[in-house]
Amino acid sequence: MGNSMQEAAEALKSVVGALQGRKAAVLGHMRPDGDCIGSQVALCRMLQASGVDALCVNRDRVPPGLAAYAEGVIFVRGEDYAEKDRLAVAVDCADASRIGTELLARFPDGILGNVDHHASNPGYARHNAVVTSAAATCHVLAACAQSLGLPVDAATAKALHLGILTDTGRFSYASVTPELLELTAGLLRKGADPAEANFRVFEQESRGKLALTQRFLASLRFHDDGRICSGEIRQADYAATGTTKEDKEGLVEFPRSVEGVDVAVLMEEGADGVRGSLRGRDPRLRLDLLAAKLNGGGHVLAAGFNMLGCRLDRDRDRIIAAVVEHVRERSGR
Ligand SMILES: [Mn+2]
């Protein structure tokens, strides 16, 4: 499913065309990451350069570590957004619900454009640019900008590089291709700065984050002969370390990095239930399908779930059992 890069470029061209003389709201997903902010900034700047009045709207704030990338772009919190005449373009949102229910409701006419790379994206907009083989939404935008001749200045190039850098695990995942590296080389020529990005994104961690990491590592447990490794975060962990849920970013990479582990699970208990992240390295295990069984979705190797009404003490075993069963099924054991 999804679109080829050429189809995506056509879709983006239609979006830019439909926005001429209109105003745009570029929407990202809840708890935005580097690819979300990078693609919002890049698309917003490209639209502005194409004569469109554009700003970004998110349910949640821009993570402080990524604020430097929002140069020249207005970000509005969903709760503060009161305009009625902007057309919505969503980026990096696997499903329209990822925008956040309340914010989505402010666009009763629907979504004009959908730029994304998640395999589960159903194509919920009038114009869909969903390239499931792309490494990042920023990858889709960078390739489309190149083929459509959309203007990419230094700040736009930095934003596109940010999304590719973060969604490829610093250019280390299977999604990295020669074509992506060539495209990224073009971004570096336009002003993207790898050392600056590495410093901004990966070398500005707080002591609180380190303390949160200690707690998470202490919670790790192995299941099914070590093929599955799970760890947990509770609201009390954030309170005790002075961190927020933004600080859990990247923690799931620790269980994934252990020898013999096929699937890493991070479970976070919140007021309304248990959210989880799933990470793997074998595409045959189809973590997107596993996540779907747990009220979630995502990519083949990286997915998330949301078990409303669940609690760790009561439901952890049931969640882990579902993971074990799925992994056994998919690996034919
Ligand atoms: Mn992404």
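Residues numbered from 1 in each chain as written. Predicted model: local features only at pLDDT ≥ 70, side-chain atom pairs only at ≥ 80, totals over all residues. Heavy atoms only, no water.

Here we look at the overall build of the protein
Rule in force here: Every helix listed is a DSSP run of H or I at least four residues long, and every strand listed is a run of E at least two residues long, numbered separately from the N terminus. Three exposure classes are used, based on accessible area relative to the maximum for each residue type with a 1.4 Å probe and protein chains only: buried under 20%, partly exposed in between, and exposed over 50%. Here a residue-residue contact requires only that any non-hydrogen atoms of the pair lie within 4.5 Å. Reported accessibility uses the Shrake-Rupley method at a 1.4 Å probe radius. Residues are deemed covered only where the shown protein chains occlude them. Neither His nor the chain termini are counted; the positive set is Lys and Arg, and the negative set is Asp and Glu. A charged residue contributes its charge at one atom only: NZ of Lys, CZ of Arg, CG of Asp or CD of Glu.
Along its length, the protein carries 12 helices and 12 strands. Across its three principal axes, the protein shows a C-alpha extent of roughly 60 × 40 × 35 Å. Residues counted as buried form 51% of the 333 residues belonging to the protein. Within the protein, residue pairs in contact and separated by at least 24 positions form 66% of the contacts whose partners lie at least 6 positions apart. For the protein, the exposed surface amounts to about 15,000 Å²; the carbon and sulfur share of it is 50%. Taking the average place of the 40 positive charges on the side chains of the protein and the average place of its 44 negative ones, the gap between the two points comes to 2 Å.

Examining the packing of aromatic side chains
Cut-off, in case you're wondering: Each aromatic pair joins two rings of Phe, Tyr and Trp (for Trp, the six-membered one) with centres within 6.5 Å, and gets the label stacked for planes under 30 degrees apart, edge-to-face for over 60, and tilted for any other angle. Any Lys NZ or Arg CZ that is within 6 Å of a ring centre and within 35 degrees of that ring's normal is treated as a charge sitting over the ring.
All chains considered together, the criterion is met by 1 aromatic pair. With 5.6 Å between their ring centres and 25° between their planes, Tyr81 and Phe107 make a pair best called stacked. With Tyr81 in the loop between strand E3 (75–77) and strand E4 (86–91) and Phe107 in the loop between helix H3 (101–104) and strand E5 (111–116), this residue pair connects regions lying 26 residues apart in the sequence. Phe107 carries the same exposure label as Tyr81, and that label is buried. Directly above the aromatic system of Tyr69 lies the positively charged group of Arg200, at a separation of 4.7 Å from the ring centroid.

As for the sheet that holds strand E12 (residues 302–308)
The condition is simple: By definition, two strands form a pair when at least two bridges between them are found by DSSP. To obtain an axis, a line is fitted to C-alpha atoms, over the contacting stretch when the element is a helix, and the angle between two such axes runs from 0 to 180 degrees between their N-to-C directions.
An order of E7-E8-E9-E10-E12-E11 is seen for the 6 strands of this open sheet, with the pairing classed as mixed. The two strands at the open ends of the sheet, each matched to only one other strand, are strand E7 (221–223) and strand E11 (297–298). As defined by bridge partners, E7 adjoins strand E8 (residues 228–234) across 3 bridges and the pair is classed as antiparallel. Residue pairing across strands places Phe222 opposite Cys229, the latter belonging to E8. Of the strands in this sheet, E7, E8, strand E9 (263–270), strand E10 (273–280) and E12 touch helix H12 (residues 312–330), which is tilted by about 155° from E8.

Remarks on the coordination of the manganese ion
For the record, the criterion: We call an atom a donor if it is N, O or S and sits within 2.8 Å of the metal, or 3.2 Å for Na, K and Ca. Water is not counted, so some sites may look partial.
Only Asp35 (OD), Asp92 (OD), His117 (NE2) and Asp167 (OD) from the protein coordinate the manganese ion, and they sit 2.2 to 2.3 Å from it. If you list the donors of the manganese ion from N- to C-terminus, the spacing comes out as D-x56-D-x24-H-x49-D. Placement of His117 in the loop between E5 and strand E6 (127–130) and of Asp167 in helix H5 (residues 154–167) is noted, with a sequence separation of 50 residues between them. In this pair, the class of His117 matches that of Asp167, namely buried.

Considering the domain arrangement of the protein
The line we're drawing: Just so you know, the domain bounds were taken from an automatic or database domain assignment. The quantity reported as buried area is the accessible area (1.4 Å probe) lost by two parts once they are put together, taken as the sum for both. Any carboxyl oxygen of Asp or Glu that lies within 4 Å of a side-chain nitrogen of Lys or Arg is treated as forming a salt bridge with it.
Per the domain assignment, the segments of the protein are domain 1 (5–202) and domain 2 (209–330). Taking only C-alpha atoms into account, the centre of domain 1 sits 27 Å from that of domain 2. Listed as interface residues are 10 residues of domain 1 and, on the opposing side, 7 residues of domain 2. When domain 1 packs against domain 2, close to 780 Å² is buried across both sides, 46% of that on carbon and sulfur atoms. Put simply, domain 1 and domain 2 have 1 salt bridge between them.

Describing the pairing of strand E2 (residues 53–58)
A regular strand places its side chains so that they alternate between the two faces of the sheet. The line we're drawing: For the handedness criterion, the strands are oriented away from the viewer, and a crossover whose path from the first strand over the helix to the second runs clockwise is classed as right-handed.
Within E2, 5 of the 6 residues are buried, which leaves it mostly tucked inside the rest of the structure. In the sheet, strand E1 (residues 23–27) pairs with E2 via 5 bridges, with the strands oriented parallel. Bridged to Ala25 within E2 is Leu55. Between E1 and its parallel partner E2, the chain crosses via helix H2 (residues 34–49), and the hand of that crossover is right-handed. As paired elements, E2 and E3 share 3 bridges and run parallel to each other. Across the sheet, Cys56 pairs through a bridge with Phe75, a residue of E3.

Section: the pattern of salt bridges
Under the criterion given, the structure shown has 27 salt bridges. Among the salt bridges present, the one from Lys158 reaches Glu196, with a minimum N-O distance of 3.0 Å. Remark: Glu196 occurs in helix H7 (residues 194–202) and Lys158 occurs in helix H5; sequence separation between them is 38 residues. Assessed through its relative accessible area of 24%, Glu196 is described here as partly exposed. In this structure, the salt-bridge partner of Arg284 is Asp282, at a minimum N-O distance of 2.9 Å. Classification of Asp282 by relative accessible area gives partly exposed; the value is 23%. Three or more residues joined by partner-sharing salt bridges are found here, namely Lys23, Asp53, Glu83, Asp85 and Arg86.

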